[in-house]
Amino acid sequence: MLEAVIVDDEIKALQSLSWELTNLSDEVDIIASFTDAREALEYLEHNTPDCLFLDIEMPAMDGFQFIKNLKNKNFPVVITTAYNQYALQALKNEAIDYLLKPIDTDDLEVTIAKIKKYNAKSLTVERLEKILLNFNSESHSKKITINTDGKLVFLNSDDILYAESDGNYSTIFLKDGQKILLTKKLKEVNALLPESSFFRIHNSYIINLNKIKEFLKTDGYVVLESNDKIPVSRQKKSDFLDML
């Protein structure tokens, strides 16, 4: 069953599309419809339908502005409008399809088929991602799986020097000089790293214990093989010495 949301400021157009979708197939369920774009945005912030049918010509906020304001974009968007000049712009905004009003039943059938194909592909990608992420927890895995920037990165733990916190973000520093920015807090990064070789030495830092070159007791710093100086917090100092 495809769960659909419709956004159109014209109540008659909204009702017409709802009727077309409902009568086209028993596999389509209209879970919500809106004539107010802002109410629709609020709803979609907390709900993820299988598809969104979106009008372009709306007061206060047009359809393309609506797409830009969408925080949750994990579903295909179908543009509906009476004006064909928006076709190219719809594609640039990553709409899966473009329907001209009055909407033709045959065109709508093709669109539904596209939505099903899109969602099936997304589901396959999601399953593969879960398999790869779970692989990290398997005992035979020697790599750490990092989900960042729309891709999965596989790292050998020995290639990691340290990780640094920046509020809700973290950066992993590699021995070859590369940096990987993550939208994760340092606590979440710590959970990904093997406890036997990584230690949270400070609220803002996790280090690879195998990469320590020196420990400056008086200054309260460790020096890594890369010559990076990482502070040791007073609260962590005793536990850190126990680890060594």
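Just so you know, these numbers come straight off a predicted model, no measurement behind them.

Colleague: If you had to explain the overall build of the protein chain to someone new, which residues and values would you point to?
Modeller: Broken down by element type, the protein chain carries 7 helices and 15 strands. Evaluated residue by residue, the protein chain yields a buried proportion of 40% over its 244 residues. In the protein chain, once contacts between residues fewer than 6 apart in sequence are set aside, the share between residues at least 24 apart is 48%.

Colleague: Lay out helix α2 (residues 37-46) with the relevant residues and their values.
Modeller: Inspection of α2 places Ala37, Ala40, Leu41 and Leu44 among the buried residues, and these make up the whole buried set. End-on view of α2: buried residues confined to an arc of 100 degrees, all on one side of the axis. The outward face of α2, more than 90 degrees from its buried face, is lined by the exposed residues Arg38, Glu42 and His46. On its buried side, α2 packs onto β1 (2-7), β2 (28-34), β3 (51-55) and α3 (63-69). Its side-chain oxygen placed 2.9 Å from the backbone nitrogen of Arg38, Asp36 serves as the N-cap of α2.

Colleague: So what's going on with the sheet that holds strand β13 (residues 212-216)? Residues and values would help.
Modeller: Strand order in the open sheet made by the 3 strands is β13-β14-β15, with antiparallel pairing throughout. Looking along the sheet, the strands with just one partner apiece sit at the ends: β13 and β15 (229-231). Put simply, the sheet's adjacent strands are angled 25 degrees from each other on average, direction ignored.

Colleague: Which residues make up the pattern of salt bridges, and what values go with them?
Modeller: If you walk through the whole model with that rule in mind, you get 7 salt bridges. In this structure, Glu45 and Lys71 form a salt bridge, with 3.6 Å as the shortest nitrogen-oxygen distance. Residue Glu45 is located in helix α2, and its partner Lys71 is located in the loop between α3 and β4 (77-81); the two are separated by 26 residues in the primary sequence. With relative accessibility at 41%, the residue Glu45 sits in the partly exposed group. Notably, a salt bridge pairs Lys175 with Asp158, separated by 3.6 Å at the nearest N-O pair.

Colleague: Please give an account of the sheet that holds strand β11 (residues 198-202) that cites residues and values.
Modeller: Note on sheets: strands pair through backbone hydrogen bonds, and any given pair is parallel or antiparallel. The 5 strands lie next to each other as β10-β9-β8-β12-β11, forming an open sheet whose pairing is antiparallel. Pairing within the sheet leaves two strands with one partner each, and these edge strands are β10 (179-182) and β11. Across the sheet, the mean angle separating the axes of adjacent strands is 20 degrees when strand polarity is ignored. Bridge analysis of strand β8 (residues 160-166) against strand β12 (residues 205-208) gives 3 bridges, and the strand direction is antiparallel.

Colleague: Could you give an account of the side chain of Ser197, naming the residues involved and the relevant values?
Modeller: Of note, Ser197 is situated in the loop between α6 (186-192) and β11. The buried category is assigned to Ser197, whose relative accessible area is 10%. The residues touching Ser197, leaving out its near neighbours within four places in the chain, are Ile207, Asn208, Leu209 and Asn210.

Colleague: Can you tell me about the packing of aromatic side chains, naming the residues and giving the values?
Modeller: Each pair of aromatic rings is reported with the distance of its centres and the angle of its planes. Using the criterion set out here, one finds 3 aromatic pairs in the structure. For the pair Phe34 and Tyr43, a centre-to-centre distance of 5.3 Å together with 50 degrees between the ring planes defines the contact as tilted. By relative accessible area, which is 12% here, Phe34 ends up buried. Residue classification places Tyr43 among the partly exposed residues on the basis of a relative accessible area of 22%. Centroid distance Tyr162 to Tyr205: 6.2 Å. Interplanar angle 50 degrees. Geometry classified as tilted. One end of the pair, Tyr162, is in strand β8; the other, Tyr205, is in strand β12, and 43 residues separate them in sequence. Residue Tyr205 is classed as buried on the basis of its relative accessible area of 16%. Members of the aromatic cluster, connected to one another through ring pairs, are Tyr162, Phe173 and Tyr205.

Colleague: Please provide a residue-by-residue account of a negative patch on the surface, values included.
Modeller: A cluster of acidic side chains, namely Asp104, Asp106, Asp107 and Glu109, defines a negative patch on the protein surface. Relative to the helices and strands, Glu109 is located in helix α5 (residues 105-135).

Cut-offs used in this document
- Residues numbered from 1 in each chain as written.
- Predicted model: local features only at pLDDT ≥ 70, side-chain atom pairs only at ≥ 80, totals over all residues.
- Heavy atoms only, no water.
- Helix = DSSP H or I, 4+ residues; strand = E, 2+ residues; numbered from the N terminus.
- Buried < 20%, exposed > 50% of the residue type's maximum accessible area, 1.4 Å probe, protein only.
- Contact = heavy atoms within 4.5 Å.
- Arc of directions from axis to C-beta.
- Polar contact = N/O pair within 3.5 Å; in protein donor to acceptor, adjacent residues only side chain to side chain.
- Pairing = 2+ DSSP bridges.
- Axes fitted to C-alpha atoms, helices over the stretch in contact; angles between N-to-C directions.
- Salt bridge = Lys/Arg side-chain N within 4 Å of Asp/Glu carboxyl O.
- Phe/Tyr/Trp six-rings, centres within 6.5 Å; stacked < 30°, edge-to-face > 60°.
- Patch = residues over 30% accessible without salt bridge, like charges linked within 9 Å, V, L, I, M, F, W, Y side chains within 5 Å.
- Areas by Shrake-Rupley, 256 points an atom, 1.4 Å probe, with all protein chains shown as cover.
- Lys, Arg positive; Asp, Glu negative; His and termini not counted.
- Charge placed at Lys NZ, Arg CZ, Asp CG, Glu CD.

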